[in-house]
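One-letter residues, chain by chain:
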Amino acid sequence: FTLKKITYFHLKNKRKKIVFISNINYANVISCIFLRKFKRFKRFKLVLFERTPVQELDNFSNIKQFFKRKIVKFCIRFFYKEANYIIGNSSNVSKNLEKICGKKVITLNPIVEKNKSIKKNNKIKKILWVGRNSYEKNIKDLLLSLNHIKNKKYNLTIISNPIINLQDFEIPYEIKKKIKVLGFQKNKIEKFFKDSDIFISTSIYEGFPNVVVDAIRYNCLIISSKSY
């Protein structure tokens, strides 16, 4: 209701054009429902940005999340068509979303080239994992996989928020010694991408992870789960 008041306040100024941009499915649904009446104004445009795959809505970790995501998916089918434009951040996100909402989805994502001036010559291979410490980022698979690495000359840096507690996982002591755990530090993550040989993404679902874009930019070898 607050969004409606703010939008209407600006539309009363007849010289203004209003572009309302919403980001991620549940916010997009709310924007479509509450702001659709403003479509009658030619000066108003509603733009939805979708950065996670619709398959996310079929994953859940508890009964509350199950109902929330089923409701959001149902509303996407009926209300996304109220938007003037829908933008996806990868071709798969856009293609799968179009099938559900029945409206054209534009893909916008910058093409990133490797920085070939960055050379990696580490004798001990440096592995990097960056992400939010949450169910869908699936850090557990990475830590379990370390038991299967035959080459012992590596170390792993995990940058997460909140910081991952290694005591929550059954990891042998000799492997724990190779792992450094850090929190997000503003303007300092870049140096870890520059210095790492390998970047690993273990996500169950992603639209198109920004950390993979960073890893490409800093010339890392990328190992990724199939996360849509």
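Refer to the preceding data block for the structure.
As the structure is a computational prediction, the values presented were derived from the model and not from experiment.

**Here's the deal with the overall build of the chain**
Here is step 1: Tallying secondary structure elements over the chain gives eight helices and nine strands in all.
Here is step 2: Oriented by its inertia axes, the alpha-carbon framework of the chain measures out at about 65 × 45 × 30 Å.
Here is step 3: When burial is assessed residue by residue, the chain has 42% of its 228 residues classed as buried.
Here is step 4: Summing over all exposed atoms, the chain offers an accessible surface of approximately 14300 Å²; the carbon and sulfur share of this is 56%.
Here is step 5: If you average the places of the 49 positive and of the 16 negative side-chain charges in the chain, the two averages end up 9 Å apart.

**Brief notes about the packing of aromatic side chains**
Aromatic rings considered in pairs are described by the distance between their centres and by the relative angle of their planes.
Here is step 1: Enumeration according to the criterion identifies eight aromatic pairs in this entry.
Here is step 2: With centroids separated by 5.7 Å and ring planes inclined at 55°, the aromatic side chains of phenylalanine 38 and phenylalanine 44 adopt a geometry described as tilted. In this pair, the class of phenylalanine 38 matches that of phenylalanine 44, namely buried.
Here is step 3: In this structure an aromatic cluster arises from ring pairing among Phe38, Phe41 and Phe44.
Here is step 4: Directly above the aromatic system of tyrosine 26 lies the positively charged group of lysine 68, at a separation of 4.6 Å from the ring centroid.

**Points about the sheet that holds strand 1 (residues 18-23)**
The strands making up a sheet are joined through hydrogen bonds of the backbone, oriented either antiparallel or parallel.
Here is step 1: Strand order in this open sheet of four strands is 1-2-3-4, and the pairing throughout is parallel. What marks the edges here is a single partner per strand, and that holds for strand 1 and strand 4 (106-107).
Here is step 2: Lying over the sheet, helix 1 (residues 2-11) contacts strand 1 and strand 2 (44-50), oriented at roughly 155° with respect to strand 1.
Here is step 3: The strands touched by helix 2 (residues 25-35) within the sheet are strand 1 and strand 2, with strand 2 carrying the most contacts at an inclination of about 160°.

**Details of the environment of asparagine 115**
Here is step 1: The residue asparagine 115 is located in the loop between strand 4 and strand 5 (125-132) in this model.
Here is step 2: Along the sequence, asparagine 115 and tyrosine 218 sit 103 residues apart, while their C-alpha atoms lie 5.8 Å from each other.
Here is step 3: Not counting residues within four places of it along the chain, the set of residues in contact with asparagine 115 comprises Ile216, Arg217 and Asn219.

**Looking at unusual backbone geometry**
Here is step 1: The step from asparagine 161 to proline 162 runs through a cis peptide bond, and the omega angle for that step is -5°.
Here is step 2: Within the secondary structure, proline 162 sits in the loop between strand 6 (154-161) and helix 6 (173-176).
Here is step 3: With a phi close to 60°, asparagine 138 is a non-glycine residue in the positive phi region.
Here is step 4: Along the chain, the position of asparagine 138 falls in the loop between strand 5 and helix 5 (139-145).
Here is step 5: For asparagine 138, a relative accessible area of 15% corresponds to the buried category.

**Brief notes about empty space enclosed by the protein**
Here is step 1: Enumeration over the complete set of coordinates arrives at one cavity of 30 Å³ or more.
Here is step 2: If you trace the largest cavity, you find it lined by Asn25, Glu50, Thr52, Pro53, Val54, Leu57, Ile76 and Leu97.
Here is step 3: Of the residues contributing to the lining of the largest cavity, the split by class is five nonpolar, two polar and one charged.

**Focus: the layout of surface pockets**
Here is step 1: Estimates place the volume of the largest pocket at around 820 Å³.
Here is step 2: If you list the elements that add at least two residues to the lining of the largest pocket, you get helix 2, helix 3 (63-79), strand 5, strand 8 (198-201) and helix 8 (210-217).
Here is step 3: Broken down by element, the lining of the largest pocket gets its largest block of residues, five residues, from helix 3.
Here is step 4: Residue composition of the lining of the largest pocket, grouped by class: 17 nonpolar, 11 polar and 10 charged.
Here is step 5: Volume-wise, the second largest pocket comes out at about 160 Å³.
Here is step 6: Contributing to the lining of the second largest pocket are Lys126, Ile127, Leu128, Asn155, Leu156, Thr157, Lys180, Lys191, Phe192, Asp195 and Ser196.
Here is step 7: Put simply, the parts of the chain that give the lining of the second largest pocket at least two residues each are strand 5, strand 6 and helix 7 (189-195).
Here is step 8: Residues that form the lining of the second largest pocket fall into these classes: four nonpolar, three polar and four charged.

**A short note on the pattern of salt bridges**
Between side chains of opposite charge, pairing is possible as soon as their charged atoms come close.
Here is step 1: The final tally for this structure, using the stated rule, is 10 salt bridges.
Here is step 2: Measuring nitrogen to oxygen at the nearest pair gives 3.8 Å for the salt bridge that ties lysine 104 to glutamate 98.
Here is step 3: With a relative accessible area of 63%, lysine 104 lands in the exposed category.
Here is step 4: Residue glutamate 98 is classed as partly exposed on the basis of its relative accessible area of 27%.

Cut-offs applied
Residues numbered from 1 in each chain as written. Predicted model: local features only at pLDDT ≥ 70, side-chain atom pairs only at ≥ 80, totals over all residues. Heavy atoms only, no water. Helix = DSSP H or I, 4+ residues; strand = E, 2+ residues; numbered from the N terminus. Buried < 20%, exposed > 50% of the residue type's maximum accessible area, 1.4 Å probe, protein only. Areas by Shrake-Rupley, 256 points an atom, 1.4 Å probe, with all protein chains shown as cover. Lys, Arg positive; Asp, Glu negative; His and termini not counted. Charge placed at Lys NZ, Arg CZ, Asp CG, Glu CD. Phe/Tyr/Trp six-rings, centres within 6.5 Å; stacked < 30°, edge-to-face > 60°. Lys NZ or Arg CZ within 6 Å of the ring centre and 35° of its normal. Pairing = 2+ DSSP bridges. Contact = heavy atoms within 4.5 Å. Axes fitted to C-alpha atoms, helices over the stretch in contact; angles between N-to-C directions. 1 Å grid on protein atoms, 1.4 Å probe; cavity = no way out; pocket = protein on both sides within 12 Å on 5 of 7 lines; lining within 4 Å. Points joined across faces, edges and corners; volume = space filled by probe spheres on them. Nonpolar A, V, L, I, M, F, W, Y, C, P; charged D, E, K, R; others polar. Salt bridge = Lys/Arg side-chain N within 4 Å of Asp/Glu carboxyl O.

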